[in-house]
Amino acid sequence: HGLTCTVQITDSGQTTIHRCELALPPPTGQTITNGWGATYAPVSGAVTATNATYNATLAPGASVTIGYQANHTGNSTAPGAFTLNGAAGTKS
């Protein structure tokens, strides 16, 4: 089984973000096979998506979209919680 997940990161603060590290733990049974807009490591468990060089800076109000493809063993739900640069993020 496979799935594709896209994630939009928006800088809702008042200062520019100069490096994005998104802790994005996929649900149990999912393994990342390919990604874009970021480097994903490791491919399962506590995954961190680190920005690419071309999208390392995010101005206030700006957004960037990253994504990945994954295999799964029946659980195709989206990650439930995440952090951006160590701070808890919100889903919308």
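For the structure itself, look to the data block above.
Residues numbered from 1 in each chain as written. Predicted model: local features only at pLDDT ≥ 70, side-chain atom pairs only at ≥ 80, totals over all residues. Heavy atoms only, no water.

Novice: Any chance you could break down the pairing of strand 1 (residues 2-10) for me, citing the residues and the numbers?
Specialist: Only one face of strand 1 is covered, namely the one carrying L3, C5, V7 and I9; the face carrying G2, T4, T6, Q8 and T10 has none of its residues buried. Examined bridge by bridge, strand 1 and strand 6 (residues 63-71) share 9 bridges and lie antiparallel to one another. Looking across to strand 6, one finds that T10 is bridged to S63. (Buried < 20%, exposed > 50% of the residue type's maximum accessible area, 1.4 Å probe, protein only. Helix = DSSP H or I, 4+ residues; strand = E, 2+ residues; numbered from the N terminus. Pairing = 2+ DSSP bridges.)

Novice: Which residues make up the packing of aromatic side chains, and what values go with them?
Specialist: This structure, assessed with the given rule, holds 1 aromatic pair. A centroid spacing of 5.8 Å and a plane angle of 65 degrees characterise the contact between Y40 and Y68, whose relative ring orientation is edge-to-face. Here Y40, found in strand 4 (residues 38-41), pairs with Y68, found in strand 6; they are 28 residues apart in sequence, far enough to count as distant. You can call Y40 buried: its relative accessible area is 12%. A residue is classified by how much of its surface remains accessible, and Y68, at 1% relative accessible area, is buried. (Phe/Tyr/Trp six-rings, centres within 6.5 Å; stacked < 30°, edge-to-face > 60°.)

Novice: Which residues make up the pairing of strand 5 (residues 48-51), and what values go with them?
Specialist: Note on strand geometry: in a regular strand, side chains alternate between the two faces of the sheet. Relative to strand 5, strand 2 (residues 21-23) runs antiparallel, the two being bridged by 3 bridges. The residue of strand 5 that forms the bridge with A23 is T48. Here strand 4 runs beside strand 5; their pairing, made up of 4 bridges, is antiparallel. Within strand 5, the position partnered with A41 by the bridge is T48. Between strand 4 and the antiparallel strand that follows it, strand 5, lie 6 residues; G45 among them carries a positive phi value of about 80 degrees.

Novice: Could you give an account of the nonpolar core, with specific residues and numbers?
Specialist: Residues V7, I9, L22, Y40, I66 and Y68 are the most contacted members of the largest nonpolar core, which totals 19 residues. Breaking this core down by element, the ones donating at least two residues are strand 1, strand 4 and strand 6. In contact with I66, not counting residues within four places along its chain, are C5, T6, V7, I9, L22, W36, G37, A38, Y40, A49 and N55. (Core = buried A, V, L, I, M, F, W, Y, C linked by side-chain atoms within 4.5 Å. Contact = heavy atoms within 4.5 Å.)

Novice: A description of the sheet that holds strand 5 should follow, citing residues and the corresponding values.
Specialist: Read from one edge of the open sheet, 5 strands run 4-5-2-7-8, paired in antiparallel fashion. Of all the strands in the sheet, the pair left with one neighbour each is strand 4 and strand 8 (87-88). As judged from the 2 bridges shared by strand 2 and strand 7 (residues 83-84), these two strands associate in the antiparallel manner. What sits directly across from L22, in strand 7, is L84.

Everything listed here is a matter of geometry and, on its own, says nothing about what the molecule does.
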